[in-house]
Amino acid sequence: QVQLVESGGGLVQAGGSLRLSCAASGRTFSDYTMGWFRQAPGKEREFVAAITWNGGNTYYADSVKGRFTISRDNAKNTVDLQMNSLKPEDMAGYYCAAEYAFTLRRPDLANDYVYWGQGTQVTVSS
């Protein structure tokens, strides 16, 4: 089992920044690909960003490229999402996800991740 706890959400004005963090426990963190997804009310959960076990590869949704940065610290068992130039359409619940690196096929597919956090809310005011 992998336990994931997100933090860092909140209210920010459009154009502002937030940094989300996800703390993992339970298994060897460096064995897992980590992802961030988001879900707005009435919408499907969508991919935001992912990072491979050693940070060597990162993936981003087109909608956040150039504005968001995913990073991980395997010594601290954390994965962060730095969000800059936030837009009202970024407002959603943000979820951290983990999947064993050697079985994950598509880092952008929510269904390929087994472990999920409870989420943290990001609200962007225009």
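For the structure, see preceding data.
As the structure is a computational prediction, the values presented were derived from the model and not from experiment.

This part covers the overall build of the protein. Of regular secondary structure, the protein possesses zero helices and eleven strands. N-terminal to C-terminal, the α/β element order of the protein is β-β-β-β-β-β-β-β-β-β-β. Relative to its length of 126 residues, the protein is compact, with a C-alpha radius of gyration of 13 Å against a globular reference of 14 Å. In the protein, which comprises 126 residues, the proportion classed as buried is 44%. Here the protein has roughly 6500 Å² of accessible surface; of this, 46% comes from carbon and sulfur atoms. Within the protein, one finds 12 positive and 12 negative side-chain charges whose respective centroids are separated by 2 Å.

Attention now moves to the nonpolar core. Membership of the largest hydrophobic core comes to 36 residues, with the highest contact counts inside it found for Leu-4, Met-34, Trp-36, Val-79, Leu-81, Met-83 and Tyr-94. Sorting the residues of this core by element identifies strand S3 (18–25), strand S4 (32–39), strand S5 (46–51), strand S7 (68–73), strand S8 (78–83), strand S9 (92–100) and strand S11 (120–125) as the ones contributing at least two each. Dropping the residues within four chain positions of it, Leu-81 is found in contact with Leu-18, Arg-19, Leu-20, Trp-36, Val-48, Ala-49, Phe-68, Thr-69, Ile-70 and Tyr-94.

What follows concerns the state of the cysteines. Scanning the entire structure with this criterion turns up one disulfide. Here Cys-22 engages in a disulfide with Cys-96; their sulfurs sit 2.1 Å apart. Linking Cys-22 and Cys-96, the disulfide has an S-S dihedral of approximately -80° and is accordingly described as left-handed. Within this pair, whereas Cys-22 is found in strand S3, its partner Cys-96 is found in strand S9, the two being separated by 74 residues in sequence. Neither residue differs from the other here; Cys-22 and Cys-96 are each classed as buried.

Looking now at the pairing of S3. Residue alternation in S3 divides its side chains into a buried set, Leu-18, Leu-20, Cys-22 and Ala-24, and an unburied set, Arg-19, Ser-21, Ala-23 and Ser-25. With six bridges joining them, S3 and S8 adopt antiparallel strand pairing. Among the inter-strand pairings, Ala-23 is bridged to a residue of S8, identified as Thr-78.

Looking now at the environment of Asp-31. Structurally, Asp-31 is set in the loop between S3 and S4. In this structure, the C-alpha to C-alpha distance between Asp-31 and Phe-102, residues 71 residues apart in sequence, is 8.0 Å.

Before going further, it helps to examine the side chain of Asp-90. The residue Asp-90 is located in the loop between S8 and S9 in this model. Judged by its relative accessible area of 0%, Asp-90 is buried. Engagement of the side chain of Asp-90 in a polar contact is seen with the side chain of Arg-38, the distance being 2.9 Å. Aside from chain neighbours lying at most four places away, what touches Asp-90 is Arg-38, Arg-67, Phe-68, Ser-85, Val-122 and Val-124.

Of note in the backbone geometry, Asn-77 takes a positive phi value of approximately 60° without being a glycine. Tracing the backbone through its elements, the reader meets Asn-77 in the loop between S7 and S8. For Ser-85, which is not a glycine, the phi torsion comes out positive at approximately 50°. Turning to its location among the elements, Ser-85 is positioned in the loop between S8 and S9.

Criteria and thresholds
- Residues numbered from 1 in each chain as written.
- Predicted model: local features only at pLDDT ≥ 70, side-chain atom pairs only at ≥ 80, totals over all residues.
- Heavy atoms only, no water.
- Helix = DSSP H or I, 4+ residues; strand = E, 2+ residues; numbered from the N terminus.
- Rg over C-alpha atoms; globule rule 2.2 N^0.38 Å.
- Buried < 20%, exposed > 50% of the residue type's maximum accessible area, 1.4 Å probe, protein only.
- Areas by Shrake-Rupley, 256 points an atom, 1.4 Å probe, with all protein chains shown as cover.
- Lys, Arg positive; Asp, Glu negative; His and termini not counted.
- Charge placed at Lys NZ, Arg CZ, Asp CG, Glu CD.
- Core = buried A, V, L, I, M, F, W, Y, C linked by side-chain atoms within 4.5 Å.
- Contact = heavy atoms within 4.5 Å.
- Disulfide = S-S within 2.5 Å.
- Pairing = 2+ DSSP bridges.
- Polar contact = N/O pair within 3.5 Å; in protein donor to acceptor, adjacent residues only side chain to side chain.

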